[in-house]
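Coordinates in review
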Amino acid sequence: MSDFKERIAAELTAARSRSIAYTDAEDDLLVRQHSPLMSPLVWDLAHVGNYEELWVLRQAGGIAPLRPEIDEMYDAFRHPRADRPSLPVLGPGEARHYIGGVRGRVLDVLDEIDLHGPDPLHRDGFVFGLVIQHEHQHDETMLATLQLSGQAGLVRDGDLPPAGPPGPAEVFVPPGSFVMGTGTRPWAYDNERPAHLVELPGYWIDRLPVGNRAYADFVEDGGYDDPRWWSGEGLHWLRHGRAFAPLFWRRDGGTWWRTRFGRTEPVPMDEPVQHVCWYEAEAYARWAGRRLPTEAEWERACGWDAEAERALLHPWGDDAPGPGRANLGHRAARPAPLGAFPAGASPCGAEQMIGDVWEWTDSWFLPYPGFRSFPYPEYSEVFFDSRHRVLRGGSWASDPAVVRTTFRNWDLPARRQIFSGFRCARTARPEED
Ligand SMILES: [Fe+2]
């Protein structure tokens, strides 16, 4: 096998070992639905194998279906998450057996396939990139399900660097144009393409994500009771959801506590806030006299090297993320303290844009000019409906294989079971340009 194929095989194994670790539990935990927002874990497990069968074995490898009768059950579009518990899905043992059988054949296809042929699905290993990223994205979803399950002791935690020294609250991005999206990164999704020029006025963006201390100040200032900070839709969400603080927070004895993977602990005030929805982020920003950055502002601050006039793969350059640069890939089960990664700063000086928490932006999830759906419209195109807001940067639960400056995630503005936070921005005043 070539070095490139060896690397693909290693990435496939790494994604699978996460899926196995997150489902190494009693059957009851795997088959139960912990929230109507999520699938039972056993559905995710067989679904990643079924997706791999569909794309690598059948589409790229031309192999006949192994179990055609189960396809329909694992089609995410035919069955919304809320309905999945009623499906006659494979049990945990059967699911493990099925995905293991698929994987064995996938490695055979990898061995034989020409990764330099004309088929865009084969070229540069795109189809393998597709299934590797898909599995990591489901692994992150499984972590969100495990968090909702409230079960203790299943999710590994780890060590992180301490909070960094104090620095400026915000950094300036001068007016100018930059290249947004990509036309060259081989495993980028269709929604990141094509690269296109975007012109922006000067703006300021927070050096760091909004932290728990600042967010608790908003809560304690009566932020959730003051309609001035909330949009009409936000107010509607607030009144129906009866939210009073980020999800998994509660107040007891003058202290804020949070429950994280079944354990209750004081909210660490120096961490980025997580488990807030878009409406909460918007309300906080208004209370703080700021706003959320647009997606373009976020991407420019994260990955544009103005001096070299080029987009970087990561804020610090094109090198892979190391432990000193970002909190990714579930090295710990939480965001890192604020300022923990000065070496991960972007050219404009923004930190922790990659990893820790997904950051809500002000933008709807919409196609870039010249968008072409590939390899199937249900990945991105069906979500271009002005109902989903864009999140950027990946979280502590996201794998480095899925995180880059151009990567776009999206969700409904009311969702907060995901590992979501935000940072604020403001338009520069004329005298600041
Ligand atoms: Fe999926």
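Description of the structure in this document. Please read these numbers as outputs of a predicted model, since none were measured by experiment. Position numbers for residues start from 1 in each chain and track the written sequence from start to end. In keeping with the predicted nature of the model, local features appear solely for residues at pLDDT of at least 70, side-chain atom pairs appear and are counted solely at 80 or more, and the whole-chain, interface and lining totals rest on all residues. Computation of side-chain values covers all heavy atoms of the structure but excludes hydrogens and water.

1. Brief notes about the overall build of the protein chain
- Helix and strand assignments follow DSSP, with helices taken as H or I runs no shorter than four residues and strands as E runs no shorter than two, numbered in order from the N terminus. The secondary structure content of the protein chain amounts to nine helices and 14 strands.
- The globule rule is 2.2 Å times the number of residues to the power 0.38, and the radius of gyration it is compared with is taken over C-alpha atoms. Computed over the C-alpha atoms, the radius of gyration of the protein chain is 22 Å, within 12% of the 22 Å expected from 2.2 N^0.38 for a compact globule of 433 residues.
- Expressed along its principal axes, the backbone C-alpha trace of the protein chain runs to roughly 65 × 50 × 40 Å.
- Taken over 433 residues, the protein chain has a buried fraction of 56%.
- Accessible area of the protein chain: about 17600 Å², with a carbon and sulfur share of 53%.
- Taking the average place of the 46 positive charges on the side chains of the protein chain and the average place of its 64 negative ones, the gap between the two points comes to 3 Å. Exposure classes here rest on a 1.4 Å probe applied to the protein chains alone. A residue is buried below 20% of its type maximum, exposed above 50%, and partly exposed in between. Accessible surface is estimated by sampling points in the Shrake-Rupley manner with a 1.4 Å probe; for residues, cover comes only from the protein chains shown. For the purpose of counting charges, residues Lys and Arg are taken to be positive, whereas Asp and Glu are taken to be negative. His and the chain ends are not included. By convention, the point assigned to a charge is CZ for Arg, NZ for Lys, CD for Glu and CG for Asp.

2. Let's talk about the packing of helix 3 (residues 41–60) against helix 4 (residues 92–112)
- Axis lines are fitted through C-alpha atoms, for helices just across the contact stretch, and the angle between N-to-C directions can take any value from 0 to 180 degrees. Taken N-terminus to C-terminus, the directions of helix 3 and helix 4 make an angle of 25°; their axes are 9 Å apart at the nearest point. Between helix 3 and helix 4, the angle falls in the class roughly parallel. The chirality of how helix 3 crosses helix 4 is left-handed. Across the interface between the two elements, Val42, Leu45, Ala46, Gly49, Asn50, Glu52, Glu53, Val56 and Leu57 from helix 3 touch Pro92, Ala95, Arg96, Tyr98, Ile99, Val102, Arg103, Arg105, Val106 and Val109 from helix 4. Roughly parallel means an angle under 35 degrees; roughly antiparallel means over 145; roughly perpendicular covers 65 to 115; every other angle is labelled oblique. Working rule for handedness: look at the near helix, and if it is turned counterclockwise from the far one by less than a right angle, call the crossing left-handed; if clockwise, right-handed. Any two residues whose heavy atoms approach within 4.5 Å are treated as being in contact.

3. Digging into the nonpolar core
- Among buried residues, the Ala, Val, Leu, Ile, Met, Phe, Trp, Tyr and Cys ones that are joined through side-chain atoms within 4.5 Å form a nonpolar core. The biggest cluster of nonpolar side chains holds 93 residues, and the ones touching the most others in it are Phe128, Leu143, Tyr215, Trp230 and Phe422.
- For Phe422, the contacting residues outside a window of four places in its chain are Pro209, Val210, Tyr215, Val273, Val276, Ala281, Tyr284, Leu292, Trp358, Glu359 and Trp360.
- Among the nonpolar cores identified, the runner-up in size contains 22 residues, and Met180, Ala301, Ala350 and Ala425 belong to it.

4. Some remarks on the environment of Phe384
- As for its position among the elements, Phe384 is in the loop between strand 10 (358–364) and strand 11 (389–392).
- Each C-alpha atom, one on Phe384 and one on Trp410, is 9.8 Å from the other, the two residues being 26 residues apart in sequence.
- Every residue in contact with Phe384, bar those within four places of it in the chain, is listed here: Asn191, Phe365, Leu366, Pro367 and Phe371.

5. Examining the side chain of Glu280
- Structurally, Glu280 is set in helix 8 (residues 278–287).
- Sequence-distant contacts of Glu280, that is, excluding residues within four places in its chain, are made with Tyr215, Tyr224, Trp230, Trp237, Ala245, Pro246, His275 and Arg416.

6. Regarding the packing of helix 1 (residues 3–22) against helix 4
- Two elements in contact, helix 1 and helix 4, have axes separated by 10 Å at closest approach and are oriented at 165°. Taken together, the axes of helix 1 and helix 4 lie roughly antiparallel to each other. Along this stretch, helix 1 crosses helix 4, giving a crossing that reads as right-handed. Of the residues in helix 4, those in contact with Lys5, Ile8, Ala9, Leu12, Thr13 and Arg16 of helix 1 are Ile99, Arg103, Val106, Leu107, Leu110, Asp111 and Glu112.
- Considering only residue class, the contact of helix 1 with helix 4 consists of seven nonpolar, one polar and five charged. The residue classification treats Ala, Val, Leu, Ile, Met, Phe, Trp, Tyr, Cys and Pro as nonpolar and Asp, Glu, Lys and Arg as charged. All others, Gly included, are polar.

7. Thoughts on the packing of aromatic side chains
- Put simply, two rings from Phe, Tyr or Trp (the six-membered ring, in Trp's case) pair if the centres are within 6.5 Å, and we call them stacked under 30 degrees between planes, edge-to-face over 60, tilted for the rest. What the rule picks out here adds up to 33 aromatic pairs.
- Consider the rings of Trp55 and Tyr376, whose centres lie 5.2 Å apart with planes at 35°: the pair is tilted. You can see Trp55 sitting in helix 3 and its partner Tyr376 sitting in the loop between strand 10 and strand 11, a full 321 residues away along the chain. Across the pair, exposure class does not vary: Trp55 and Tyr376 are buried alike.
- Charge-over-ring placement is defined geometrically: NZ (Lys) or CZ (Arg) within 6 Å of the ring centre, and within 35 degrees of the ring normal. Here Arg389 stacks its cationic end above the ring of Trp278, 3.8 Å away from the centre of that ring.

All quantities given are derived from atomic positions and should not be read as evidence of function.
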